[in-house]
Amino acid sequence: MSGEEVAGQLPEAAAGQSGPLEPWPDTVRWQAISSDLIWVELLRLSAVVAVFSIMIGVGWVFTGAWPFGLALGVVLLFAVWRAVTIVRAVHAWGYAERENDLLVRHGLLVRRLSIVPYSRMQFVDVSAGPLERAFDLATVQLHTAAAASDARVPGLRPAEASRLRDRLTALGQDRAEGL
């Protein structure tokens, strides 16, 4: 996968067989998010794993009970599994700007495609936590009238996040004026 564009096609879609279980339209140009988001998510995972490992390790040292050793092994196994899924999940994120709406896709096991019409947007947020700022990343959050339809695009460079925010805001105002 390139950092600039994600093809978004599985072998079935490439052969022209787009079925109901293949939600990614192959007629749009998908934009990938920054792979630096992998490092942000891995650092978050590392912090959680470190806390649990320390707690379990202290219990194991003081009691010597084998279930603590087993629990530590499970935590470390989970960490490895989660690290692999983080890499794949970040590569699954993408967004595409169309004439009347924004498409946002993500998910590995459960694929999710959010289609947000520009006319339904109420406001657009750009946020960046401490880890995201350290990696020069931001998240664009789209808010609509329906709470369940809120979509977000994480892992964007601040310049792209600002451009997308401004474009979505302008398109939302243009489309809403016709209502």
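Please refer to the structure placed before this passage.
Rules used in this analysis
Residues numbered from 1 in each chain as written. Predicted model: local features only at pLDDT ≥ 70, side-chain atom pairs only at ≥ 80, totals over all residues. Heavy atoms only, no water. Helix = DSSP H or I, 4+ residues; strand = E, 2+ residues; numbered from the N terminus. Buried < 20%, exposed > 50% of the residue type's maximum accessible area, 1.4 Å probe, protein only. Areas by Shrake-Rupley, 256 points an atom, 1.4 Å probe, with all protein chains shown as cover. Contact = heavy atoms within 4.5 Å. Salt bridge = Lys/Arg side-chain N within 4 Å of Asp/Glu carboxyl O. Patch = residues over 30% accessible without salt bridge, like charges linked within 9 Å, V, L, I, M, F, W, Y side chains within 5 Å. Core = buried A, V, L, I, M, F, W, Y, C linked by side-chain atoms within 4.5 Å. Pairing = 2+ DSSP bridges. Axes fitted to C-alpha atoms, helices over the stretch in contact; angles between N-to-C directions. Expected span 1.5 Å × (residues − 1). Parallel < 35°, antiparallel > 145°, perpendicular 65-115°, else oblique. Nonpolar A, V, L, I, M, F, W, Y, C, P; charged D, E, K, R; others polar.

Enquirer: Summarise the overall build of the protein; cite the residues concerned and give the values.
Expert: Tallying secondary structure elements over the protein gives five helices and eight strands in all. In sequence order, the secondary structure elements of the protein are arranged as β-α-β-α-α-β-β-β-β-α-β-β-α. The 179 residues of the protein split such that 34% are buried. Accessible surface, the protein as shown: approximately 10700 Å² in total, 62% of it carbon and sulfur.

Enquirer: Which residues make up the environment of Leu102, and what values go with them?
Expert: Within the secondary structure, Leu102 sits in strand β4 (residues 101-106). Spatially, the C-alpha atoms of Leu102 and Val116 are 5.2 Å apart, while their sequence positions differ by 14 residues. Not counting the four nearest positions on each side in its chain, Leu102 is found in contact with Tyr95, Ala96, Glu97, Ser114, Ile115, Val116, Tyr118, Leu142 and Leu168.

Enquirer: Which residues make up the pattern of salt bridges, and what values go with them?
Expert: Within the structure shown, the criterion is met by eight salt bridges. Residue Asp166 is joined to Arg165 by a salt bridge in which the shortest nitrogen-to-oxygen separation is 3.0 Å. On the accessibility criterion, Asp166 (43% relative accessible area) is partly exposed. Classification of Arg165 by relative accessible area gives partly exposed; the value is 28%.

Enquirer: Before we move on, could you go through a nonpolar patch on the surface and cite the residues and values that matter?
Expert: On the surface, Val48, Val51, Phe52 and Met55 cluster together into a nonpolar patch covering about 370 Å² of accessible area. With respect to the helices and strands, the residue Val51 is situated in helix α2 (residues 36-63).

Enquirer: Outline the nonpolar core, listing residues and values.
Expert: Most often, soluble globular proteins have nonpolar side chains that are buried together. Leu142, Leu156 and Leu168 are the most contacted members of the largest nonpolar core, which totals 31 residues. Put simply, the parts of the chain that give this core at least two residues each are α2, α3 (66-92), β4, β6 (121-127), β7 (138-144), β8 (151-156) and α5 (158-177).

Enquirer: Requested: an account of the sheet that holds β6, with residues and values cited.
Expert: The strand order β6-β7-β8 describes an open sheet built from three strands, whose pairing is antiparallel. Of all strands in the sheet, those with a lone pairing partner are β6 and β8, marking the two edges. Direction aside, the axes of adjacent strands within the sheet are offset by 15 degrees on average. Of the strand pairs in this sheet, β7 and β8 are connected by four bridges, and their pairing is antiparallel. Bridge assignment links Leu142 to a residue of β8, and that residue is Ala151.

Enquirer: So what's going on with α3? Residues and values would help.
Expert: The terminal C-alpha atoms of α3, which comprises 27 residues, lie 39 Å apart, in line with the 39 Å expected from a rise of 1.5 Å per residue. For α3, every residue scored as buried is listed here: Gly69, Leu72, Val75, Ala79, Thr85, Ile86, Val90 and Ala92. In this fold, the buried residues of α3 make contact with α2, β3 (94-97) and β4.

Enquirer: Residues and numbers for the pairing of β4, please.
Expert: Of all six residues making up β4, five are buried, and the element is well covered by its neighbours. For β3 and β4, the ladder comprises four bridges, and the chain directions are antiparallel. Bridged to Tyr95 within β4 is Val104. With antiparallel pairing between neighbouring strands as the criterion, β3 and β4 make up a hairpin whose turn holds three residues.

Enquirer: Residue-level account of the packing of α2 against α3, with values.
Expert: The N-to-C vectors of α2 and α3 enclose an angle of 175 degrees; their axes lie 9 Å apart at closest approach. Viewed along their axes, α2 and α3 adopt a mutual orientation that is roughly antiparallel. Looking at the contact of α2 with α3 residue by residue, the classes come out as 19 nonpolar, five polar and two charged.

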